[in-house]
Every structure is written in structure tokens, then in C-alpha cells.
Amino acid sequence: MAKVKLILDTRKSSKNTISKLYPIALRVFHTKPRIIRLPYETSKNGWDVNSFCLKRSVLVNKSIDCSKVNQILYDKLHVARSLINELGDAIQHIDIDTLVTEIKDKWEEQISPSLKGKLSNGLTLKVWGQVIVDRKLKTNKPSSAEWYLNGIKAFVKFNNNQDLRLDQLNVSMLKDFQIEKESKGLKPNSISSVLRAIRAIYNAAINEDRIEVVKNPFHRYKIPSSNQTKKRAISKEDFLNIRKLKYEKNSALWHTKNYALIMFNCRGMNLIDLVKLKKSNVREDRIFYGRSKTGDPLSVKFTPELKEILAHYLIDKSDDDFLFPANYDGSTAKYEKYKTIRRRVNERLKIIALDSGIQQHFTTYAIRHSWATIAKFMGISTAIISEGLGHSSLKTTEIYLKRFDNTTLDEANERIVA
């Protein structure tokens, strides 16, 4: 027979890293156990293990209306038990996950929308957002952490510099944010970036049972589409001109020219992946590395040019040595160092572009986009290009290739009508 019981989930993994409290949950057992977290939390001392309720006399519960919460908890337990009794022998034909779903659906039927709005645990954008940021920092993803943090700051500033409860977020607030930023001339890409960060934080709170909401505002509000960024690809002929440039050996420009050609030869390798390379990443005639953005493993075979350039950097290196002078260990602590490296490399690429007669804006990103665009012009399939770039889906690759600039289209038209 299935059983349900109110518990305090005192597992180490369940402890709230901010409040240091544990969530109250319904434990369901039907051949195997399942935990349904409820939107309340307390300390071990604040939970009555015999009566299955919050203790009114404990300091940690002083800010909680214990009588009201205990009544809600009892009602949830009663509904779950009643459902099990209604199912009777039929419960033998459903699994634990189906039973949990049925219990949650029963709760939805029992609770009015006005009461649902009161079930929030008060979790705020800044508090939960910081949890997400800290996770990214701990997993050495500082650029993602920075994106979340910028989104939080922008939205809190819009809210008169006041933090807001996640359950207070609604469609009107999202529309007001968009309209205000548009009225101030903020570009669609910037508006979209902030709102996508807020959506990710909000959905994470729902998925991890940190908040209960009646309706998800992001199901009814459409985040404005980002404008297509101007394509920055340079031609294969431009790379041939870069190869001809002569700079003093071991100078900053000499190294930067090498970086550009290495990234091009490595299927549009990202700069962050290049500066993290160590001697141990080079084995026989290949470079093995993991993409910093996704962690996906990639392998690139030496081209004649790549082999020639790397020969200089492999001299007198042990496996633990960084391959290039512009090294970065991938840690969050040294992320500012990487941003400085990226800025200086892009500054030098401007000089290289000028020296080689490149008219387009030339950056490390342009190298990656150029490899994809040149491949497309050569008739290579999008699927192969996607694999080469290390994209997780064709959709991402299609964004790279969706539009060609006017010059390319004009040249194509001239060839067609000639």
C-alpha cells in the first residue's frame, strides 16, 4: 500500500545555501520513495518530527504564520492520503512517478489561485540569481556568471533599485521593462540579453521547486528578437594576405598573426580555447581540447600551415606548460586576465587588418565566422560545418550562416545575370 508522510528534507544536497534551512516535503512511498518539495523551510530544531508541523516557539519560525502554514501542510497531506484511498487496488497498476503527478494534480484542483499566490517562500531575484551566478563561478564559467549578473543588475535597477520576489514577476512588468529600455534607445540585442537571463533564473527556480506560481509569465510574454548582427566574415583571399605579412619574430603582432592563423586552421577555434592549450593537448598530429563554452571534446588534425606554426611553440615545452605566451588557466579568479588578453589581441588584429588591406571589422569572432562562411561558399554541408564548429545543434550554425552581406549578394547577382 502506498504511504505519504510530511518530513523535513535534511539531506545535505537539499540544504538552502543562502538561508541554511531545509525544505519541508511530502515523502511518497510506492514500491520506491519520492520527495515532493513544498515551498516552506525551517531548521532541524524548527520542525516537530512527531507532530509533522512547524514549531511556533522556535526563533527561526518567528517570521512564519505557523498556524496557517501547518494547516496548508495538513491539507496537502490529507488530499494525498484521500487520493490513495480513492485509487484503492487500482494503485497497483500505476508507478511511483504517475502517483506523484496525480497528487500534484489533485493539489492544483484543491487550491484556489488566490491561495497559490500566498504559497511563495519569498525567494527573490537577487538571492536566487546569486545562487545561479555562484554555480557558474564554481564550474569556471565566468562569462556565463557575468551574463546572469548583468541581467539581475539591469532588472533591479529598473525596479527602482529594489529586489523583487520571483513570484511577483508578471507579463506587465516584463513589457514595462522592454518599453522603458526601448524609449531610452537601448538596442534590441541588449534588451533581449537581460530578459533571457531573467527567464533562465526564473525557470530554474520553478524547475528546482524553489517557487510555486500560478502562471509562468514567460509563457505569455515573447522576448523581443535580437537583431541579426552584421556579418563579419572575411574572404579566403584575406587570409592569404595575412599569411604574407612579416613581423618581427616573437613580437606581439607576430604572435597575434600566428593566433589568427591557428584559429582559422583549427576550424574557427575560439580564442579562449586557444589560450588554454597546453603541450599535453598536442598528441602526434592532432590537437585535442574541450570547448570552454560547452565542454564538448574536439580534435583537429594538423594542416601543413598549423604544423609549421606550432613547431615554434612546442620547443622545450613539457606537458604541463602552456603552449602560447597569452595563457589562461580557465579559472574564474583569472577571468579578468583573459578579458585583457582578448582586448589586446583584438586591438592587434585591427593593425593586421589594416596591414593586409582587410576592410571589414576583424576580430577573433570574425575568424570563427569566416571559417564557417568560407565553408558554406565552398558547398560544404551545414551539418559538417556544425560539427566542425563544435555546435550542439544545427540551429546555432544556421544563425552563423543565415544572412550574407550585401556585397556578397551583389556579386552573386552579377554572376547570375551576366
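Treat the numbers as computed from the prediction; the structure is a model and nothing was measured.

## Details of the overall build of the protein
A count of helices and strands for the protein gives 16 helices and eight strands. Across the 418 residues that make up the protein, the buried fraction comes to 42%. In the protein, once contacts between residues fewer than 6 apart in sequence are set aside, the share between residues at least 24 apart is 57%. Accessible surface, the protein: about 23500 Å² in total, of which carbon and sulfur atoms supply 49%.

## Remarks on the side chain of Glu 305
One can find Glu 305 in helix 11 (residues 304–314). A polar contact is formed between the side chain of Glu 305 and the side chain of Asn 265, at a distance of 2.7 Å. Discounting chain neighbours no more than four positions away, the residues touching Glu 305 are Arg 243, Leu 261 and Asn 265.

## Some thoughts on the pattern of salt bridges
Using the criterion set out here, one finds 11 salt bridges in the structure. Ionic pairing is found between Asp 97 and Arg 34, a salt bridge with its closest N-O pair at 2.9 Å. Taken together, the positions of Asp 97 in helix 2 (residues 96–110) and Arg 34 in strand 3 (residues 33–42) put the pair 63 residues apart, joining distant regions of the chain. Shared partners join several salt bridges into a network, and the residues in it are Glu 146, Glu 336 and Lys 339.

## Concerning helix 14 (residues 382–389)
Of the positions making up helix 14, those classed as buried are Thr 382, Ile 385, Ser 386, Gly 388 and Leu 389. The buried side chains of helix 14 occupy one side of the element, clustering within an arc of 165° when seen end-on. Exposed side of helix 14, more than 90 degrees from the buried face: Ile 384 and Glu 387 are the residues found there. Downstream of helix 14 by a residue or two, Gly 390 has a phi angle that is positive, lying close to 80°.

## Brief notes about the packing of helix 9 (residues 252–265) against helix 13 (residues 364–377)
In contact at an axis separation of 9 Å, helix 9 and helix 13 are set at 35° when each is read in the N-to-C sense. Taken as a pair, helix 9 and helix 13 cross one another with a handedness that is right-handed. Here Ala 260, Met 263 and Phe 264 of helix 9 come into contact with helix 13, specifically with Thr 364, Ile 367, Trp 371 and Ile 374. Here the residues of the contact of helix 9 with helix 13 sort into six nonpolar, one polar and no charged.

## Considerations on the nonpolar core
Membership of the largest hydrophobic core comes to 50 residues, with the highest contact counts inside it found for Leu 274, Ile 287, Phe 324 and Phe 362. Among all residues touching Ile 287, those that are not within four sequence positions of it are Cys 266, Leu 277, Asn 281, Val 282, Leu 298, Ser 299, Val 300, Phe 302, Leu 306 and Leu 310. In terms of nonpolar packing, the next biggest core, distinct from the first, is built from 32 residues, Val 131, Phe 158, Ile 191 and Leu 195 among them.

## Overview of a positive patch on the surface
Together, Lys 15, Lys 20, Lys 44 and Lys 138 make up a positively charged patch on the protein surface. With respect to the element layout, Lys 20 can be found in the loop between strand 1 (3–8) and strand 2 (22–29). Take Lys 20: its relative accessible area is 51%, and that puts it in the exposed class.

## Focus on the sheet that holds strand 2
Pairing is antiparallel across the open sheet formed by three strands, whose spatial order is 1-2-3. The sheet terminates laterally at strand 1 and strand 3, the two strands that pair on one side only. Along the sheet, successive strands turn relative to each other by an average axial angle of 20°, direction set aside. Pairing geometry for strand 1 and strand 2, over six bridges, is antiparallel. Opposite Ile 7, over in strand 2, you have Ala 25 as the bridge partner.

## Notes on the sheet that holds strand 6 (residues 282–283)
The antiparallel open sheet is built from three strands, whose spatial order is 6-7-8. What marks the edges here is a single partner per strand, and that holds for strand 6 and strand 8 (297–301). As defined by bridge partners, strand 6 adjoins strand 7 (residues 286–290) across two bridges and the pair is classed as antiparallel. The partner of Val 282 across the bridge, within strand 7, is Ile 287.

## Quick notes on unusual backbone geometry
Of note in this structure, Thr 31 is not a glycine but carries a positive phi near 70°. Note that Thr 31 resides in the loop between strand 2 and strand 3. Positive phi outside glycine occurs at Phe 52, with the angle close to 55°. Tracing the backbone shows Phe 52 in the loop between strand 4 (47–48) and strand 5 (53–54).

Reading the values: the criteria
- Residues numbered from 1 in each chain as written.
- Predicted model: local features only at pLDDT ≥ 70, side-chain atom pairs only at ≥ 80, totals over all residues.
- Heavy atoms only, no water.
- Helix = DSSP H or I, 4+ residues; strand = E, 2+ residues; numbered from the N terminus.
- Buried < 20%, exposed > 50% of the residue type's maximum accessible area, 1.4 Å probe, protein only.
- Contact = heavy atoms within 4.5 Å.
- Areas by Shrake-Rupley, 256 points an atom, 1.4 Å probe, with all protein chains shown as cover.
- Polar contact = N/O pair within 3.5 Å; in protein donor to acceptor, adjacent residues only side chain to side chain.
- Salt bridge = Lys/Arg side-chain N within 4 Å of Asp/Glu carboxyl O.
- Arc of directions from axis to C-beta.
- Axes fitted to C-alpha atoms, helices over the stretch in contact; angles between N-to-C directions.
- Left-handed = near helix turned anticlockwise from the far one by under 90°.
- Nonpolar A, V, L, I, M, F, W, Y, C, P; charged D, E, K, R; others polar.
- Core = buried A, V, L, I, M, F, W, Y, C linked by side-chain atoms within 4.5 Å.
- Patch = residues over 30% accessible without salt bridge, like charges linked within 9 Å, V, L, I, M, F, W, Y side chains within 5 Å.
- Lys, Arg positive; Asp, Glu negative; His and termini not counted.
- Charge placed at Lys NZ, Arg CZ, Asp CG, Glu CD.
- Pairing = 2+ DSSP bridges.

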